[in-house]
Amino acid sequence: MDLSWERVTSLSVKELGRKVLWRCQKRLRRSPFFPAASRQTLENLATEWRNAPIQSPPPLTPSDRFFLPAQAGNSITKAAIELFPSEVELTIADGEKTLAGEFKFLGYPTVKVSGSLPYQGNPVPEIDTYFRRMDFLVSLALSFAYTKRPEFLSAYRRLVAGWLGQPGLLDRVLAESGIEVSIRLINWVMSLRILLAAGQTAPLSEDLSRNTSAWMAIQARVIELKLSAGGNHLLLDALGLRMLGCAFPHLDPTRNREVKGRSILLRELHRQVREDGVHGEQSAGYHLNVTTYYLKEILLSRARKESIPKNAWNRLGNMFEYASHLLKPDGTIPMMGDLDGFRTRYREHLETRMLYSAGLVLFPEKATPYPPELETHLSLWYLGPDLTRRARSLNQVRRQSYVPGTRSFPSGGVVILRDPHNATSVHFDCGPFGLEEFPHHGHADCLSVEVCAFSRSVLIDPGGFAYHRNRFRSYFRSTAAHNTIRIDGVDQTRIQDLFEVGRTAKPAPPLTLRRHEFDFAEGAHQGYMRLSDPVFHRRAVFLIKSSPSYVVVLDRLEGTGQHQVEQRYQCVPLPTLPRIHKSRVDVLLPEKNRLSVLFPSSLTGEPAMNLRVVSGAQQPVEGWVSFVKGELEPAPQIIRSGFLRLPVDLCTVLYPWSAESKSRRKRPRIRRKKQNSTSAIGLEIKGEDWIDRLSWNPQEDSINTLDDENPTRVFYSRSINRNP
């Protein structure tokens, strides 16, 4: 889709220049001249390899300057069986399914294949993509390393030969995007290195080895010809070149790919990653993927004894720090932005889970401990047995002494509020839509919150679903799918296509305050200033850490005229729909706990707003979540809506009830308190034997620092009610 005028005027000159350059490159690649020139180059390379003399060096002679040394497989295999016996069994089971022709891709039914693999023509286009990426080669290589069963090696050779024997192979490779070629090339490199480390000095026959080497070099040339203009695709392209150049430097050595790939990765580190370590695409899943790419670059640099510049090392440490803080108490991550099928607890994401162990040993001063179930046997193949054991030991020690607390990432616009005693946490997203010139994976979710209670996710981001042009893709990117406010039925950011957007909502940097009794965060955005009656949205979040612990969300909508206002809160899938009781909704949780969502109507003086709960609605699409790419799951969404005259203040109190709570039947009473300042919001929340008073004055110019003992913009106090 062409850039709209609205989108053009929202970009800076530099961002617009990079966007236009990227568009020109795409058009050039589609022209009849580009394929002809690239085809001739690649055909010449293929002929050169086919006619190479027999006495030339063995085609798959590895380099020892790689994070997986040759002949290291025996020690790794022993450590894997000792440390990760269940995961080794699961890996072997995956290899056996491949032997049987069964392929399971995230979000899609199992595909059964007899004979050659269907690289195209499957009912779902993503299945074609997964087959072409050939992730199953790594599974087969690992299965052989753990068992030494020859059938795994035979299947590996057969699948590689089958891909190389496709008719019109060069046309197919030229038709693929650079990122697809990069992923396949990385899988080839890693699987061959695993086989070499497992003692297979000749994992392929001589002819197959020579043909494989030729096509590895050809695919690297394709990546160079189709190098992405930016975003995580460019990083993956660079990693593919870097890994191939380091693992097999004799393949087309004049290209110096290990140097080229490293140069791109270090350059893009400062272009794409914000100063506090948050990747610019504003997606939790893609941040973890990108951090994994840079972990491999760190390990390659260590193996090759190449130093990393100090400023780059500090930013890498911030990336690992953000990745570790993204983990919720239940071991999952917030699903903000596109995830591309990511879910932390899914064992398919072994490489991403590996970065938690790596972060703890590489950046011990920044990384936090992680749930033991996130440890993976794949760490052994990248870090080695010694560092993996050290990470496990360090994680056990840190988990005993670590006290979680609130953490702010202002450049990325993410604030994570945590109560260390009551297992309550809030992920507050105040960040920009994404990379300005490549906003492909962002969602219209500014000022959205995710809430955990009793160490469980309760209110969540719905995820990303899939990259199809349909109403579900549009819904999952829309404001209506997220835990924020929608005005007049439109999105904060104008969603235009699968990945394109119009003018994006520009947020203000989040402000935070941390105290012993409470933590506070504030954000704002101007996404609705484009309306005929402009609206400016501010949101403040209080996490009350005094027992009982709860969350207060305050919204101020500044503007004039009457507008349709919708407050939305998306719940996790639940066996029982939340119950509506006048101005509150009770979300029933496992183990007889619950979260009460309270909407005090007296706060604004406006007529009562309509309160409803929807789940799995089709017209319009509402109440859906997607934990895995391609999968949909109905889940309750709480919607409070009405026509309000602005300016207006709205309040939501998220109050967890424990099954053991003595005051379980008595909900807190909430009323507004008059303030000296006309712009301030004051609340009094009265429990069974306590009274909380808090206020927020969003008109103050700046917030106090964390060390200031006399805040004027934010106030909170608790008093004990002796006569309840």
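Above this note sits the structure.
Residues numbered from 1 in each chain as written. Predicted model: local features only at pLDDT ≥ 70, side-chain atom pairs only at ≥ 80, totals over all residues. Heavy atoms only, no water.

(A) Summary view of the overall build of the protein. Helix and strand content of the protein: 19 helices and 25 strands. Counting only residues that meet the buried cut, the protein has 61% of its 724 residues in that class. Contacts in the protein between residues far apart in sequence, at least 24 positions, make up 70% of those at least 6 positions apart. Just so you have it, the protein exposes about 28600 Å², and 51% of that area is on carbon and sulfur atoms. (Helix = DSSP H or I, 4+ residues; strand = E, 2+ residues; numbered from the N terminus. Buried < 20%, exposed > 50% of the residue type's maximum accessible area, 1.4 Å probe, protein only. Contact = heavy atoms within 4.5 Å. Areas by Shrake-Rupley, 256 points an atom, 1.4 Å probe, with all protein chains shown as cover.)

(B) Spotlight on the environment of Ala145. The residue Ala145 is located in helix α7 (residues 136-147) in this model. Taking C-alpha positions, Ala145 is 6.9 Å from Thr77, a pair spaced 68 residues apart along the chain. Once you skip the residues sitting within four places of it in the chain, Ala145 turns out to touch Thr77, Ile194, Ala198 and Trp381.

(C) Geometry of α7. The terminal C-alpha atoms of α7 lie 16 Å apart, and with twelve residues this matches the ideal 16 Å at 1.5 Å per residue to within 8%. Of all twelve residues in α7, eleven are buried; the element is thus mostly enclosed. For α7, the set of buried residues is Phe136, Leu137, Val138, Ser139, Leu140, Ala141, Leu142, Ser143, Phe144, Ala145 and Tyr146. Among the residues trailing α7, Lys148 stands out with phi positive, at a value near 60 degrees. (Expected span 1.5 Å × (residues − 1).)

(D) Fine view of helix α8 (residues 150-164). The first and last C-alpha atoms of α8 sit 21 Å apart over 15 residues, in line with the 21 Å expected at 1.5 Å per residue. Of the positions making up α8, those classed as buried are Phe152, Leu153, Ala155, Tyr156, Leu159, Val160, Trp163 and Leu164.

(E) Just the sheet that holds strand β15 (residues 584-588), in detail. An order of β9-β10-β11-β12-β21-β16-β15-β14 is seen for the eight strands of this open sheet, with the pairing classed as antiparallel. The sheet terminates laterally at β9 (507-514) and β14 (579-581), the two strands that pair on one side only. Here the average twist between neighbouring strands, direction ignored, is 15 degrees. Where β15 meets strand β16 (residues 594-598), five bridges bridge the pair, whose relative direction is antiparallel. Of the residues in β16, the one forming a bridge with Val587 is Leu595. (Pairing = 2+ DSSP bridges. Axes fitted to C-alpha atoms, helices over the stretch in contact; angles between N-to-C directions.)

(F) Structural view of empty space enclosed by the protein. Taken as a whole and assessed by the stated rule, the structure comprises seven cavities of 30 Å³ or more. Lining the largest cavity, in full, are Pro334, Met336, Val414, His427, Phe428, Asp429, Asp445, Ser448, Val449, Glu450 and Asp461. Put simply, the parts of the chain that give the lining of the largest cavity at least two residues each are β5 (424-429) and β6 (448-453). A breakdown of the residues in the lining of the largest cavity according to their chemical character gives five nonpolar, two polar and four charged. (1 Å grid on protein atoms, 1.4 Å probe; cavity = no way out; pocket = protein on both sides within 12 Å on 5 of 7 lines; lining within 4 Å. Points joined across faces, edges and corners; volume = space filled by probe spheres on them. Nonpolar A, V, L, I, M, F, W, Y, C, P; charged D, E, K, R; others polar.)

(G) Expanded view of the sheet that holds strand β23 (residues 681-686). The four strands lie next to each other as β22-β23-β24-β25, forming an open sheet whose pairing is antiparallel. The outermost strands of the open sheet, each flanked by one partner alone, are β22 (669-672) and β25 (714-720). For this sheet the average axis-to-axis angle between neighbouring strands, irrespective of direction, equals 15 degrees. Note that β23 and strand β24 (residues 690-696) share six bridges and pair antiparallel. Looking at β24, one finds that Glu684 is bridged to Arg693.

(H) View of the nonpolar core. Among the nonpolar cores identified, the biggest contains 127 residues, and Phe131 and Trp381 are the most heavily contacted of them. Looking at this core, the element that brings in the most residues is helix α10 (residues 178-197), giving 13 residues. Apart from residues lying up to four places away in sequence, Phe131 is in contact with Phe103, Phe105, Val111, Val113, Leu117, Pro118, Tyr119, Asn122 and Phe136. Counting 38 residues, the second largest nonpolar core, distinct from the first, contains Leu543, Val551, Val572 and Val628. (Core = buried A, V, L, I, M, F, W, Y, C linked by side-chain atoms within 4.5 Å.)

(I) Spotlight on the packing of aromatic side chains. Scanning all chains against the criterion turns up 22 aromatic pairs. For the ring pair Phe67 and Tyr382, a centre distance of 4.9 Å and an interplane angle of 45 degrees mean the geometry is tilted. In this pair, Phe67 sits in the loop between α3 (33-50) and α4 (73-83) while Tyr382 sits in helix α17 (residues 378-383), placing the two residues 315 residues apart along the sequence. The two residues Phe67 and Tyr382 agree in class, both being buried. Arranged with centres 6.2 Å apart and planes meeting at 45 degrees, the rings of Tyr569 and Phe599 form a pair that is tilted. Remark: Phe599 occurs in the loop between β16 and β17 (610-614) and Tyr569 occurs in strand β13 (residues 562-570); sequence separation between them is 30 residues. (Phe/Tyr/Trp six-rings, centres within 6.5 Å; stacked < 30°, edge-to-face > 60°.)

(J) Representation of the packing of helix α13 (residues 257-272) against helix α15 (residues 310-326) in the model. Running from N to C, α13 and α15 cross one another at 60 degrees; their axes reach a closest spacing of 11 Å. By the angle between their axes, α13 is oblique relative to α15. Once α13 is placed against α15, the crossing between them reads as left-handed. Facing Leu266, Leu269 and His270 of α13, the residues of α15 in contact are Asn311, Ala312, Arg315, Leu316 and Met319. Partitioning the contact of α13 with α15 into residue classes produces five nonpolar, two polar and one charged. (Parallel < 35°, antiparallel > 145°, perpendicular 65-115°, else oblique. Left-handed = near helix turned anticlockwise from the far one by under 90°.)

(K) Spatial organisation of unusual backbone geometry. Omega for the peptide link from Ser547 to Pro548 comes to 0 degrees, which places this bond in the cis form. Relative to the assigned elements, Pro548 resides in the loop between β11 (535-544) and β12 (550-559). The omega angle of the peptide bond from Gln619 to Pro620 is -5 degrees, so this bond is cis rather than trans. Structurally, the position occupied by Pro620 is in the loop between β17 and β18 (624-625). A positive phi angle is found at Phe454, which is not glycine, with a value near 55 degrees. Residue classification places Phe454 among the partly exposed positions, given a relative accessible area of 25%.

(L) Looking closely at the environment of Thr77. Relative to the helices and strands, Thr77 resides in helix α4. For Thr77, the residues in contact, after removing those within four places along its chain, are Ala145, Tyr146 and Trp381.

(M) Summary view of the packing of α4 against helix α18 (residues 385-401). Their axes nearest at 10 Å, the elements α4 and α18 cross at an angle of 25 degrees. In this view, α4 runs roughly parallel relative to α18, as classed from their interaxial angle. Seen from α4, the contacting residues are Ser75, Ile76, Ala79, Glu82 and Leu83; seen from α18, they are Pro385, Arg389 and Arg392. Here the contact of α4 with α18 is built from residues that sort into four nonpolar, one polar and three charged.

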